[in-house]
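Residues per chain are reported as follows:
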Amino acid sequence: MKTEIIIAGFGGQGVLSMGKILAYSGLMQGKEVTWLPAYGPEQRGGTANVTVIISDEQISSPILNTYDVAIILNQQSLDKFESKVKPGGMLIYDPYGITNAPKRKDINVYSTAAMDTAMELNAAKSFNMFILGGFLKLCPIVDLEHVMLGLKKSLPERHHNLLPQNEEAIKKGMDIIEEVK
């Protein structure tokens, strides 16, 4: 099985980190993986996206034109990538900052109030972990044990004390994702 994912939003939202954690998780689970980031010189505040492919078989190319899953964190990314989700695919978005909701009817659309939850819980730095948790609930391509190993590999050692908080955010993210009818 192969899953082709685009994660897109503003720099500073943890887009690239989320992709890196997924990639490490897949590697640690013995899967084939690609991680291809794309961002402008603005990194913080500019748009950023990352393509992640996780597969049971060899991956021929990291370059994609369409995706099985799009995780969207801002309006610019929704405008750019909604049309690139394969029919029958999945689009996950946080409505915070989205003025025009997804319109397609041939894909499965899910909403997660990750930003609102992060603000309510005073956990802004865990925003992307709420998103990741929602994704993993819908598309469990890697298990939580390997996600935590991937997170540990991604975080500098000085931040390893935040691993339990991040694990709780992932679990909370699994609870707050909802299908959009």
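Above this note sits the structure.
Chemist: Any chance you could explain helix α4 (residues 127-138) here in plain terms?
Modeler: Two residues of an α-helix separated by three or four positions point the same way, owing to the 3.6 residues in each turn. With 12 residues, α4 should reach 16 Å at 1.5 Å per residue; the first-to-last C-alpha distance of 18 Å fits that figure. Listing the buried residues of α4 in full gives Phe-127, Asn-128, Met-129, Phe-130, Ile-131, Leu-132, Gly-133, Gly-134, Phe-135 and Leu-136.

Chemist: Would you mind going over the packing of helix α5 (residues 144-154) against helix α6 (residues 163-176) with me for this structure?
Modeler: For any two helices packed against each other, one specifies the crossing angle of their axes together with the interaxial distance. Running from N to C, α5 and α6 point in directions that differ by 135°, and their axes come no closer than 11 Å. In terms of orientation, α5 lies oblique with respect to α6. Pair α5 / α6 crosses with right-handed handedness. Of the residues in α6, those touching α5 at Leu-144, Val-147, Met-148, Leu-151 and Lys-152 are Leu-163, Asn-166, Glu-167, Ile-170 and Lys-171.

Chemist: Looking at this structure, how should I read the side chain of Ser-55?
Modeler: Along the chain, the position of Ser-55 falls in strand β3 (residues 47-55). Using a relative accessible area of 3% as the deciding quantity, one classes Ser-55 as buried. A distance of 2.9 Å separates a polar atom in the side chain of Ser-55 from the backbone oxygen of Glu-57. Not counting the four nearest positions on each side in its chain, Ser-55 is found in contact with Met-1, Lys-2, Lys-31 and Glu-32.

The rules behind these values
- Residues numbered from 1 in each chain as written.
- Predicted model: local features only at pLDDT ≥ 70, side-chain atom pairs only at ≥ 80, totals over all residues.
- Heavy atoms only, no water.
- Helix = DSSP H or I, 4+ residues; strand = E, 2+ residues; numbered from the N terminus.
- Expected span 1.5 Å × (residues − 1).
- Buried < 20%, exposed > 50% of the residue type's maximum accessible area, 1.4 Å probe, protein only.
- Axes fitted to C-alpha atoms, helices over the stretch in contact; angles between N-to-C directions.
- Parallel < 35°, antiparallel > 145°, perpendicular 65-115°, else oblique.
- Left-handed = near helix turned anticlockwise from the far one by under 90°.
- Contact = heavy atoms within 4.5 Å.
- Polar contact = N/O pair within 3.5 Å; in protein donor to acceptor, adjacent residues only side chain to side chain.

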